[in-house]
Amino acid sequence: MPETLRLSLACTTSDRTRPILDGRVTLPGVSLTVLPGEPEDIFRRALRDRAFDITELSMGSHIVTTARGDAPYIGVPVFPSRAFRHNAIFVRTDRGIRTAADLAGKRIGLPEYQQTAALWVRGILREHYGVDTRAIAWRTGGMEEAGVGERVALSLPPELDVRPIGAGETLNGLLAAGELDAVIGPRPPSCFAARSAPVDRLYPDYRAEEEAYFRATGFFPIMHCVALKRELAAEHPWLPLEIFRAFARARALAVADLSLVNVLRASLPWIAAEAEAQTRIMGGDPWPYGFRRNRDEVAAMIRYARTDGLATRDITPEELFHPSVLNEAP
C-alpha cells in the first residue's frame with residue numbers, strides 16, 4: 001500500500017470548508033494537518049514563504065504570478081470564497097459622489113492593488129458603468145493597520161497612478177480625514193461603522209444593485225480558489241482530482257444544511273426563505289465548482305487583470321488550473 005501523504009492545508013473556516021477541517025470529509029491517501037486562518041495571513045504566507053502544501057489562494061494573486069511565470073501553486077477549480085462587491089465601495093458623502101461615474105478622477109484607497117475584491121470592482125466600474133479606472137489615483141495600504149503592503153511585489157505600467165500610502169498611515173484614517181475620496185475593501189472602514197465621518201456606501205441598497213448585476217452577467221464573483229504546490233502536483237498527479245472531489249463533497253454537505261429546518265443549522269431565523277429566494281434569483285447551484293462552469297468568469301478576471309496592468313501577458317483560464325481537473329464536475 002502506498003505510504004500516506006502528510007500534507008498541510010490552510011483555508012478559512014466556512015460551512016463549505018468545515019467538513020474537511022473537522023474530518024467528516026477526507027482525502028484518500030492523505031493525512032491533513034489543517035490550519036484555519038484569515039485570508040490575508042494565509043495568502044501572504046503561501047505566496048511569500050510557500051508555507052502550505054494545499055492552500056486557499058487569492059485569484060488576483062494567482063493570475064499575477066501565473067502570468068509572470070513564477071506561480072508556486074497550481075489551482076484546483078474549487079472556489080470556496082465568492083462575494084458580490086458593490087457593497088465594498090465606501091465614499092465621502094461631501095464630494096458629490098452619487099453614482100459610479102462620479103468616481104472618475106478621484107483618489108481611492110485599496111488594501112492591495114492586486115486584491116481580488118479590488119480587481120472585480122475595477123472591472124465592474126469599467127465594463128458596467130463606463131468609468132476610466134486608469135485615470136483614478138489608487139492608494140494602497142492597510143485599512144486599519146499601518147505598514148501593510150502588497151503580498152507579492154508588482155511591476156505596473158508607469159502611466160498608472162498606483163502608490164502606497166505613508167508608512168504610519170491607514171486607509172481608514174485618510175478617508176476619515178478627507179484625504180481620500182473613497183475606499184474599496186471587503187471589510188468596512190471603522191469610520192463608516194462608527195459613523196464618525198461623512199462616509200457611506202456608494203450603494204446603500206447594495207443587494208438590489210448586486211442582484212441586477214447577477215441577472216445581467218450570471219457572475220457571482222470568484223474571490224479565491226484552492227491550490228497546491230506545483231511540485232506536489234507533479235509528483236502525485238492523482239492529488240488535484242482528489243482535492244477537487246473532497247471540497248465538492250464538503251460543499252454539498254453545506255448546501256444540504258440550508259434545507260434542514262427541523263433544527264436550524266445556521267443562526268438565521270428565516271434561512272429556508274432566504275434559500276428559496278436565492279434559488280429563484282441564482283438557480284439551484286449558486287456556488288458552482290468546476291472549470292467548465294466557471295471558465296467565462298475566470299476569463300473576465302484575466303481580462304480585468306490585463307487592463308489593470310497586473311497580468312504581464314495574455315494567459316488562458318486553463319493555465320491557472322491543473323489539467324487533470326479541467327473536465328471534472330461536482
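The rules behind the values
- Residue indices begin from 1 for each chain and proceed along its sequence in written order.
- Per-residue local features are limited, in this predicted model, to residues with pLDDT of at least 70; the limit for side-chain atom pairs, both in listing and counting, is 80 or more; totals at the level of whole chains, interfaces and linings are taken over all residues.
- Derived side-chain values reflect all non-hydrogen atoms in the structure, with water molecules and hydrogen atoms excluded from consideration.
- Under the DSSP-based scheme used, a helix requires at least four consecutive residues in state H or I and a strand at least two consecutive residues in state E, with every element numbered from the N terminus.
- For a compact globule the rule gives 2.2 Å times the number of residues to the power 0.38, and the radius of gyration it is set against comes from C-alpha atoms.
- Exposed residues in this analysis have more than 50% of their type's maximum accessible area, buried residues have under 20%, and partly exposed residues fall in between, with area computed by a 1.4 Å probe over protein chains only.
- The contact criterion used is simple: two residues touch if any of their non-hydrogen atoms lie within 4.5 Å.
- In this analysis a 1.4 Å probe is tested at points of a 1 Å grid over the protein atoms alone, and where it fits but cannot get out there is a cavity; an open set with protein on both sides within 12 Å along at least five of seven lines is a pocket; lining residues have an atom within 4 Å of a point.
- Grid points are joined across faces, edges and corners, and a volume is the space filled by probe spheres set on the points.
- Each residue gets one of three labels, nonpolar for Ala, Val, Leu, Ile, Met, Phe, Trp, Tyr, Cys and Pro, charged for Asp, Glu, Lys and Arg, and polar for the others, Gly among them.
- Pairing between strands requires that DSSP locate at least two bridges from one strand to the other.
- The axes used here are C-alpha line fits, helices contributing only the stretch in contact, and every angle between their N-to-C directions lies in the interval 0 to 180 degrees.
- To define a nonpolar core, start from buried Ala, Val, Leu, Ile, Met, Phe, Trp, Tyr and Cys residues and group those joined through side-chain atoms within 4.5 Å.
- Criterion for a salt bridge: a side-chain nitrogen of Lys or Arg within 4 Å of a carboxyl oxygen of Asp or Glu.
- Any Phe, Tyr or Trp ring, taking Trp's six-membered ring, that has another such ring centre within 6.5 Å forms a pair; planes under 30 degrees apart are called stacked, those over 60 apart edge-to-face, and the others tilted.
- Should the NZ of a Lys or the CZ of an Arg lie within 6 Å of a ring centre and within 35 degrees of the ring normal, that charge is described as sitting over the ring.

Draft legend 1. Representation of the overall build of the chain within the structure. Along the chain, the regular secondary structure elements total eleven helices and eleven strands. Compactness check: the chain gives a C-alpha radius of gyration of 20 Å against a globular reference of 20 Å for 330 residues, within 12% of the reference. Taken along the three principal axes of its C-alpha coordinates, the chain extends 65 × 50 × 35 Å. Residue burial in the chain is summarised as follows: out of 330 residues, 53% are buried. Long-range pairs, those at least 24 residues apart, make up 79% of the contacts in the chain between residues at least 6 apart in sequence.

Draft legend 2. Local environment of unusual backbone geometry. A positive phi angle, close to 50°, is found at Arg 50, a residue other than glycine. The residue Arg 50 is located in the loop between α2 (39-49) and β3 (54-58) in this model. Arg 50 gets classed as partly exposed once you look at its relative accessible area, which sits at 33%. Non-glycine residue Arg 195 carries a positive phi angle of around 55°. On the secondary structure map, Arg 195 appears in the loop between α6 (190-193) and β10 (199-201).

Draft legend 3. Expanded view of empty space enclosed by the protein. Taken as a whole and judged by the stated rule, the model has one cavity of 30 Å³ or more. Taken as a whole, the largest cavity encloses approximately 40 Å³ of empty space. Looking at which element gives the most residues to the lining of the largest cavity, the answer is helix α4 (residues 116-129), with four residues. Of the residues assigned to the lining of the largest cavity, the class counts are six nonpolar, one polar and no charged.

Draft legend 4. Representation of the sheet that holds strand β9 (residues 182-184) in the model. Reading across from one edge, β8-β7-β6-β9-β5-β10 is the order of the six strands in this open sheet, with mixed pairing throughout. Whereas interior strands pair on both sides, the edge strands pair on one side only; in this sheet they are β8 (162-164) and β10. Adjacent strand axes in the sheet meet at a mean angle of 25° when their direction is disregarded. As paired strands, strand β5 (residues 89-92) and β9 are joined by three bridges and run antiparallel to one another. Following the sheet pairing, Ile 89 is matched in β9 by Ile 184.

Draft legend 5. Fine view of the nonpolar core. Formed by 63 residues in total, the largest nonpolar core has its most connected members in Leu 103 and Phe 321. Excluding its chain neighbours within four sequence positions, the residues that come into contact with Leu 103 are Ile 89, Val 91, Ile 97, Ile 108, Leu 125, Ile 136, Ala 182 and Leu 202. Counting 27 residues, the second-largest nonpolar core is a separate cluster that includes Val 226, Ala 233, Ala 246 and Val 325.

Draft legend 6. Structural view of the pattern of salt bridges. Under the counting rule described, the total for this entry stands at 29 salt bridges. Put simply, Arg 68 and Asp 70 hold a salt bridge, and the shortest N to O gap is 2.9 Å. A relative accessible area of 35% means that Arg 68 is categorised as partly exposed. On the basis of relative accessibility, which here comes to 40%, the residue Asp 70 falls in the partly exposed class. What you see here is one network of salt bridges that share partners, running through Arg 92, Asp 94, Arg 95 and Asp 181.

Draft legend 7. Here's a closer look at the packing of aromatic side chains. One pass over the full model with this rule turns up nine aromatic pairs. Centre to centre, the rings of Phe 79 and Phe 321 are 6.0 Å apart; their planes meet at 90°, and the pair counts as edge-to-face. Of the two residues, Phe 79 sits in strand β4 (residues 73-82) while Phe 321 sits in the segment after α11 (291-307), which places them 242 residues apart along the sequence. When sorted by exposure, Phe 79 lands in the same class as Phe 321, which is buried. Ring pairing ties together the aromatic residues Phe 84, Phe 214, Phe 220 and Trp 287, which thus form one cluster. Seen from the ring of Tyr 113, Arg 122 lies directly overhead, with NZ or CZ sitting 3.9 Å from the centre. In this arrangement the basic side chain of Arg 122 is found over the ring face of Trp 138, its NZ or CZ atom lying 5.8 Å from the centre.

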